[in-house]
Each structure stands twice: as structure tokens, then as C-alpha cells.
Amino acid sequence: MAHRVRAGVTAVDGRGRHADFHSLRYTFCLWMSQHVPIEVVMRLMRHGSLHLTAGIYLDLGIDRQDGEAWVLPRILPRDRTRGEEGVA
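The rules behind the values
Residues numbered from 1 in each chain as written. Predicted model: local features only at pLDDT ≥ 70, side-chain atom pairs only at ≥ 80, totals over all residues. Heavy atoms only, no water. pLDDT = per-residue confidence, 0-100. Helix = DSSP H or I, 4+ residues; strand = E, 2+ residues; numbered from the N terminus. Contact = heavy atoms within 4.5 Å. Buried < 20%, exposed > 50% of the residue type's maximum accessible area, 1.4 Å probe, protein only. Arc of directions from axis to C-beta. Axes fitted to C-alpha atoms, helices over the stretch in contact; angles between N-to-C directions. Parallel < 35°, antiparallel > 145°, perpendicular 65-115°, else oblique. Nonpolar A, V, L, I, M, F, W, Y, C, P; charged D, E, K, R; others polar.

Moving on to the confidence of the model for the protein chain. Looking at the protein chain, pLDDT values average 78 and 77% of them are 70 or higher. Averaged pLDDT values over the elements of the protein chain bottom out at 84 in helix α1 (residues 2-6) and peak at 91 in helix α3 (residues 38-44).

All right, on to the side chain of H47 then. With respect to the helices and strands, H47 occurs in the loop between α3 and α4 (50-60). Contact partners of H47, with chain neighbours within four places excluded, come to R25, M42, L52, T53 and I56.

A few words on α4. The set of residues buried in α4 consists of T53, I56 and Y57. Relative to the axis of α4, the buried residues are bounded by an arc of 105° and lie together on one face. Away from its buried face by more than 90 degrees, α4 exposes H51, L58 and D59. At its buried positions, α4 is contacted by α2 (21-33) and α3. Phi for G61, located one or two positions after α4, is positive at around 80°.

Two elements in contact, α2 and α4, have axes separated by 10 Å at closest approach and are oriented at 90°. By the angle between their axes, α2 is roughly perpendicular relative to α4. Together, Y26, C29, L30 and S33 of α2 and I56, Y57, D59 and L60 of α4 make up the contact between the two elements. In terms of residue class, the contact of α2 with α4 is made up of six nonpolar, one polar and one charged.

Okay, here's the thing in C-alpha cells:
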């Protein structure tokens, strides 16, 4: 608590968000969900079940199906000889 106060972070901000240990875990879950599968997030968060992690995903809105969420990153270099993407 003293560190939070010295850093100038309020316990509850104007939007009603709380700065506590669980907020940090939610942020970690959100960041990890952008890089690794939910099963890996479950293990990193030390959850006992995938159901618990999935519930947090829903709370964070990670289930939203906007266009960016479903775009896979490029894994093969472009085929410069044919001017095409290097897809198999």
C-alpha cells in the first residue's frame, strides 16, 4: 500500500477501477491472452481449471470476435521471386 501511495496511484480511480493484486493478475491474463493459447495462460496464472481462466477471459471481453482477433501473424517470408506471400 505504501508503494502505491508513493507512486501516486489511487486505490480506486474515477472509473471505479481498483489498483490491487487481482487487478495485476487481470492485466497479466489480458496481456498473455494476446500471445499464447488459453491453456498456457491457465498454467501461467496457476489456475486449477480451464473453466476459471475462461471465466476471466469473458470478464475481460477477450471473447469478442473483432477482425483483428482472428488475423494470424505471418510465419513465412514473402516469395520475392513470384511477388506473392509465402503460404503453403
